[in-house]
Amino acid sequence: MTRVRQLRREDRVTWTELWAGYLRFYRAEVAVEVTEQTFVRMTARRDGCFGLAAEADDGTLVGFTHCVLHPSTWSQGGTCYLEDLYVHPSHRGTATARALIEAAGEQARAAGAETMYWHTQAFNGRARSLYDTVARLTSYVHYERPLAE
């Protein structure tokens, strides 16, 4: 059975390995400084961010989720962007991802959020089959515009 808890500073080594797997899966690269900033924000619960860790029965970290709480123009309460969710391949197909989503929702609700949302790649069929059971697929299309020069 998976246990979900707050991401802690002492999780750094294993989290870094999981983070690298997550970035590989999405064929993405981020600067070392971004990785450092992400970990600090998630463990220190800074800037509206919080991170959760999933532990296997033996205490091994097998997954994480990173969330960003922010105000919404569509409701009085805020909303929660579940920005990152990753489960080690050896624990996919178990209840780990669902447990992380449920725990993120509970924390967001406790912080005053009224909704939670996330994105995934269209090709991520395995995850989408879970997402279809825990959330509603919307008709929104995601656009992105880089602002850095």
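Rules and cut-offs
Residues numbered from 1 in each chain as written. Predicted model: local features only at pLDDT ≥ 70, side-chain atom pairs only at ≥ 80, totals over all residues. Heavy atoms only, no water. Salt bridge = Lys/Arg side-chain N within 4 Å of Asp/Glu carboxyl O. Helix = DSSP H or I, 4+ residues; strand = E, 2+ residues; numbered from the N terminus. Buried < 20%, exposed > 50% of the residue type's maximum accessible area, 1.4 Å probe, protein only. Polar contact = N/O pair within 3.5 Å; in protein donor to acceptor, adjacent residues only side chain to side chain. Core = buried A, V, L, I, M, F, W, Y, C linked by side-chain atoms within 4.5 Å. Contact = heavy atoms within 4.5 Å. Phe/Tyr/Trp six-rings, centres within 6.5 Å; stacked < 30°, edge-to-face > 60°.

### What to know about the pattern of salt bridges
Going through the model one piece at a time under the given rule, you end up with seven salt bridges. The salt bridge involving E55 is made with R3; its shortest N-O contact spans 2.9 Å. In this pair, E55 is assigned in strand β2 (residues 49-55) and R3 in strand β1 (residues 3-6), connecting sequence segments 52 residues apart. Look at E55 and you get buried, because its relative accessible area is 9%. A relative accessible area of 45% places R3 in the partly exposed class. Where R8 meets E10, a salt bridge forms, and the shortest distance between an N and an O atom there is 3.0 Å. Judged by relative accessible area, E10 falls into the exposed class, the value being 59%. Among the ionic contacts, a cluster of salt bridges with common partners joins R3, R5, R8, E10, D11 and E55.

### Focus on the environment of L82
When you line up the elements, L82 lands in strand β4 (residues 78-87). Using a relative accessible area of 3% as the deciding quantity, one classes L82 as buried.

### Structural notes on the environment of T2
You can see T2 is positioned in the segment before β1. At 2.9 Å, the side chain of T2 and the side chain of T96 are in polar contact.

### Overview of the nonpolar core
Of all hydrophobic cores here, the largest spans 21 residues; its most connected members are L82, L85, I101 and Y131. By residue number, the principal contributor to this core is helix α3 (residues 96-110), which donates six residues. Setting aside residues up to four positions removed in sequence, I101 forms contacts with L82, L85, M116, W118, L130, Y131 and V134. Judged by nonpolar contacts, the second largest core, of 15 residues, contains L23, F39, Y81 and Y86.

### A few points about the packing of aromatic side chains
All told, the structure shown has 13 aromatic pairs when counted by the stated rule. Measuring from ring centre to ring centre gives 5.8 Å for Y22 and F64, while their planes differ by 70°; the resulting arrangement is edge-to-face. One end of the pair, Y22, is in helix α1 (residues 12-25); the other, F64, is in strand β3 (residues 61-70), with 42 residues separating them in the sequence. The pair Y22 / F64 is uniform in exposure class, with both members buried. Where F25 meets F123, the ring centres are 6.0 Å apart and the plane angle is 50°; that geometry is what we call tilted. Here F123 lies in the loop between β5 (113-117) and α4 (125-134) and F25 lies in helix α1, a separation of 98 residues in the sequence. One aromatic cluster in this structure is built from W15, W19, Y22, F25, Y26, F39, F64, Y86 and F123.

Function-wise, these values are silent; they only describe arrangement.
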